[in-house]
Amino acid sequence: PRDYLTRRERRLVREAALDDDSGWKIPAIVCVSLDAALRPVEVGRATTEWCDTVNEMLRIPREDSSKNKDNWRVSLTTRSATVLDHWLEERKSIDMYDDTDALWLSREETTYGSRSLSRLLSRLCERAGIDTGARSMTWYSIRHSTGTYMTAERDLAATKAQLRHQSAQTTLKYDQVPPEQRREVLDNI
């Protein structure tokens, strides 16, 4: 079964997060992860230093980068940069963030991990009325959907950069563009 969110499901998850009335943290985690295709470990490692909302990007230093050894600049949409800006402002007034540069902490004042992020995604899917059926919905479902749709809309090079892959070979698994769409592109050339 498909392990990524459809375009409609991505929109519904984003809307469910933005409807969260407990503040800007959950919307920021979701919006930034949908854009930046953050791995769970990256959500946990994210710091305020990564955030460049003026230029609508994350700057992930090599020491925090997962699975590679490069510094990365990852694009954010204007909406996500705005949500992140709201979260950074709100974060200043929350005591548990006083002595840490961690971007997001759980209620237990720990960084997020795979399990907690998968539970968050499940709650958002349920709130959004998404039937996940037999699919395994993990935080990687967000990453996989970003890779799949970026490849369909743009190309593998853009996907490789956004997903922070060292090898183009890794990015090839996101090339799931249906033959009809490929024919349409050929017709337009």
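Refer to the preceding data block for the structure.
Residues numbered from 1 in each chain as written. Predicted model: local features only at pLDDT ≥ 70, side-chain atom pairs only at ≥ 80, totals over all residues. Heavy atoms only, no water.

A tally of helices and strands in the protein yields nine helices and three strands. For the protein, buried positions account for 47% of its 189 residues. Considering only intrachain contacts with a sequence separation of at least 6, the fraction spanning at least 24 residues in the protein is 58%. (Helix = DSSP H or I, 4+ residues; strand = E, 2+ residues; numbered from the N terminus. Buried < 20%, exposed > 50% of the residue type's maximum accessible area, 1.4 Å probe, protein only. Contact = heavy atoms within 4.5 Å.)

So, on to the pairing of strand E2 (residues 57–60). Where strand E1 (residues 51–52) lies against E2, two bridges are found, and the strand directions are antiparallel. Bridge assignment links cysteine 51 to a residue of E2, and that residue is leucine 58. Linking two consecutive strands that pair antiparallel, namely E1 and E2, is a turn of four residues; a positive phi of about 55 degrees is found at glutamate 56 within it. Across four bridges, the pairing between E2 and strand E3 (residues 72–75) is antiparallel. Within the sheet, the bridge partner assigned to leucine 58 lies in E3 and is valine 74. (Pairing = 2+ DSSP bridges.)

A few words on the packing of aromatic side chains. Counted under the stated rule, the structure contains one aromatic pair. Arranged with centres 5.5 Å apart and planes meeting at 80 degrees, the rings of tryptophan 87 and tyrosine 97 form a pair that is edge-to-face. Of this pair, tryptophan 87 sits in helix H4 (residues 78–91) while tyrosine 97 sits in the loop between H4 and helix H5 (114–128); the two residues are 10 residues apart in sequence, bridging distant segments of the chain. Judged by its relative accessible area of 4%, tyrosine 97 is buried. (Phe/Tyr/Trp six-rings, centres within 6.5 Å; stacked < 30°, edge-to-face > 60°.)

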